[in-house]
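# Observations on the model geometry
The chain contents come next:
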Amino acid sequence: MAEAARIARSPDPKRRAYWLKTLHQWHWISSAVCLVALLLFSATGFTLNHARQIEGRPVVTTREAQLPAETLAGIPSPATKEAPLPSALRDWVRREVGVDVGTRAAEWSDGEAYVSMPRPGGDAWLSIDLDSGKVQYERTDRGWISYFNDLHKGRNAGTLWSWFIDLFALASLVFALSGLCLLWLHGRQRPLTWPVVALGLLLPLLVALLFIH
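Presented here is a report on the structure given in the accompanying data block. Along each chain, numbering runs from 1 in the same order as the chain's sequence is written. pLDDT decides what is reported in this predicted model: residues at 70 or higher carry local features, side-chain atom pairs at 80 or more are listed and counted, and totals for whole chains, interfaces and linings draw on all residues regardless. Neither water nor hydrogens contribute to the side-chain values; these are computed over all heavy atoms in the structure.

### Regarding the pairing of strand β5 (residues 122–129)
Spelled out, the test is: The rule for pairing is simple: two strands pair if DSSP sees at least two bridges between them. For the purposes of this entry, the term helix denotes a DSSP run of H or I that reaches at least four residues, the term strand denotes a run of E that reaches at least two, and both are numbered from the N terminus.
In this structure, strand β4 (residues 112–116) lies alongside β5, joined through five bridges in antiparallel fashion. Within β5, the position partnered with V115 by the bridge is L126. With seven bridges connecting them, β5 and strand β6 (residues 134–141) associate as antiparallel partners. Paired with A124 across the strands is R139, a residue of β6. The antiparallel hairpin formed by β5 and β6 contains four residues in its connecting segment, where G133 sits at a positive phi of about 85°.

Structural data, given as structure tokens:
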């Protein structure tokens, strides 16, 4: 920003042209990187702000099964209270219940193994009664709006999505700061530039100070 301010006052047209070209490059590349995500986060910002007016209807799916006696007897006692299901049991659950629990940690108690499977836009869990062998599975789907709202919050979306949000935030910062530098360089020819920028700063500040308590 200080460099852009110095260039704006500099009489050297070549240096000014260089910085204009460089800033335009940063601006359009960062805008291309964050364009789709910016549209997504803007739309979900609206749906989150009006979550009470835009409510989805959860769809609940339940399944039940019975572990064979030999499979139930072959379940080893875990060394800790949280450990993945044994591979043979995971294969049976995938085949008979149609659920892939992967290597998620299960909560082991005296009479139950419980696997929680939260995800964006819904939730799911699997319960295995270690005494009777009864298997219960329940999945709740809250719809596409809830799915994208949870992506906006990074809720239960995994490590890769968290990294993507960091990349998007960085690209958005580059987009905003390069735009600010370009505004500074073009400010002399556009007298309304800084009053509009000041309005963009003052409006949320006044709303926060006067109406949020």
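Past the structure itself, the notes keep going.
### A closer look at the environment of R63
Rules: Here, residues are in contact when the closest pair of their heavy atoms is within 4.5 Å. Two N or O atoms form a polar contact when they lie within 3.5 Å of each other; inside protein one atom must be a possible hydrogen donor and the other a possible acceptor, and for residues adjacent in sequence the pair counts only when both atoms belong to side chains.
Residue placement: R63 occurs in strand β1 (residues 59–66). Expressed as a C-alpha distance, the spacing of R63 and L126, which sit 63 residues apart in the sequence, is 9.4 Å. Sequence-distant contacts of R63, that is, excluding residues within four places in its chain, are made with V97, G98, V99, V135, Q136 and Y137. Side-chain polar atoms of R63 contact the backbone oxygen of G98, separated by 3.4 Å.

### A look at the packing of helix α2 (residues 13–49) against helix α5 (residues 144–153)
Rule in force here: In this description, a line fitted to the C-alpha atoms serves as the axis of each element, helices being fitted only across the stretch in contact, and the angle between N-to-C directions of two axes falls anywhere from 0 to 180 degrees. Each angle is binned into one of four classes, with values under 35 degrees roughly parallel, values over 145 roughly antiparallel, values of 65 to 115 roughly perpendicular, and all other values oblique. By convention the crossing between two helices is left-handed if the near helix lies anticlockwise of the far one by an angle smaller than a right angle, and right-handed if it lies clockwise.
Close contact between α2 and α5 brings their axes to 9 Å; oriented N to C, the two are set at 110°. As summarised for this structure, α2 and α5 are arranged roughly perpendicular, according to the angle between their axes. Handedness of the α2/α5 crossing: left-handed. Across the interface between the two elements, L40, F41, T44, G45, T47 and L48 of α2 pack against I145, F148, N149, L151, H152 and K153 of α5.

### Examining the side chain of S30
Assignment of secondary structure puts S30 in helix α2. For S30, the side chain forms a polar contact with the main-chain oxygen of H27, separated by 3.0 Å. If near-sequence neighbours (up to four positions away) are discounted, S30 is found in contact with A171, V174, F175 and S178.

### Points about the pattern of salt bridges
For clarity, the cut-off: By definition, a salt bridge exists where a carboxyl oxygen of Asp or Glu is found within 4 Å of a side-chain nitrogen of Lys or Arg. Summary of the burial criterion: residues with accessible area below 20% of their type's maximum are buried, those above 50% are exposed, and those between are partly exposed, where the area comes from a 1.4 Å probe applied to protein chains only.
For the coordinates displayed, the defined rule picks out five salt bridges. Between R94 and D91 there is a salt bridge, and its shortest N-O distance comes to 2.9 Å. With R94 and D91 both in helix α4 (residues 87–96) and three residues apart, this pair spans about one turn of that helix. Among the residues examined, R94 registers a relative accessible area of 38% and is labelled partly exposed. For D100, the salt bridge identified is with R94, shortest N-O distance 3.7 Å. Accessibility expressed as a relative area gives 48% for D100, which makes it partly exposed. When salt bridges with common partners are traced through the structure, they connect D91, R94 and D100 into a single cluster.

### Quick look at the sheet that holds β5
Strands sit in the order β1-β6-β5-β4-β3-β2 across an open sheet of six strands; the sheet is antiparallel. Each edge of the open sheet is held by one strand with a lone partner, namely β1 and β2 (82–84). Adjacent strand axes in the sheet meet at a mean angle of 25°, parallel and antiparallel pairs treated alike.

### Notes on the layout of surface pockets
As a reminder, the rule being used: The rule is simple: put a 1 Å grid over the protein atoms alone, call a set of points where a 1.4 Å probe fits but cannot get out a cavity, call an open set with protein on both sides within 12 Å along at least five of seven lines a pocket, and count a residue as lining if it has an atom within 4 Å of a point. Grid points are joined across faces, edges and corners, and a volume is the space filled by probe spheres set on the points. Classification used: nonpolar for Ala, Val, Leu, Ile, Met, Phe, Trp, Tyr, Cys and Pro, charged for Asp, Glu, Lys and Arg, polar for all others including Gly.
Quantified by volume, the largest pocket comes out at close to 270 Å³. Lining the largest pocket are 14 residues; nearest its centre among them are I54, G56, I145, S146 and N149. In terms of residue count, the dominant contributor to the lining of the largest pocket is α5 (six residues). Looking at the lining of the largest pocket residue by residue, the class counts come to six nonpolar, four polar and four charged.

### Notes on the packing of aromatic side chains
For the record, the criterion: Aromatic rings from Phe, Tyr and Trp, with only the six-membered ring used for Trp, were paired whenever their centres fell within 6.5 Å, and each pair was classed as stacked if the ring planes differed by under 30 degrees, edge-to-face if by over 60, and tilted otherwise.
Evaluated as defined, the whole model comprises eight aromatic pairs. With centroids separated by 6.0 Å and ring planes inclined at 20°, the aromatic side chains of Y114 and W125 adopt a geometry described as stacked. Taken together, the residues Y114 in strand β4 and W125 in strand β5 connect sequence positions 11 residues apart. A relative accessible area of 26% places Y114 in the partly exposed class. With relative accessibility at 23%, the residue W125 sits in the partly exposed group. Ring geometry for W144 and Y147: centres 5.5 Å apart, planes at 80°, overall edge-to-face. On the criterion of helical spacing, the pair formed by W144 and Y147 is a turn pair, its members being three residues apart in helix α5. Overall, the relative accessible area of 30% leaves Y147 in the partly exposed class. Within the aromatic cluster, the residues linked to one another by ring pairs are W144, Y147 and F148.

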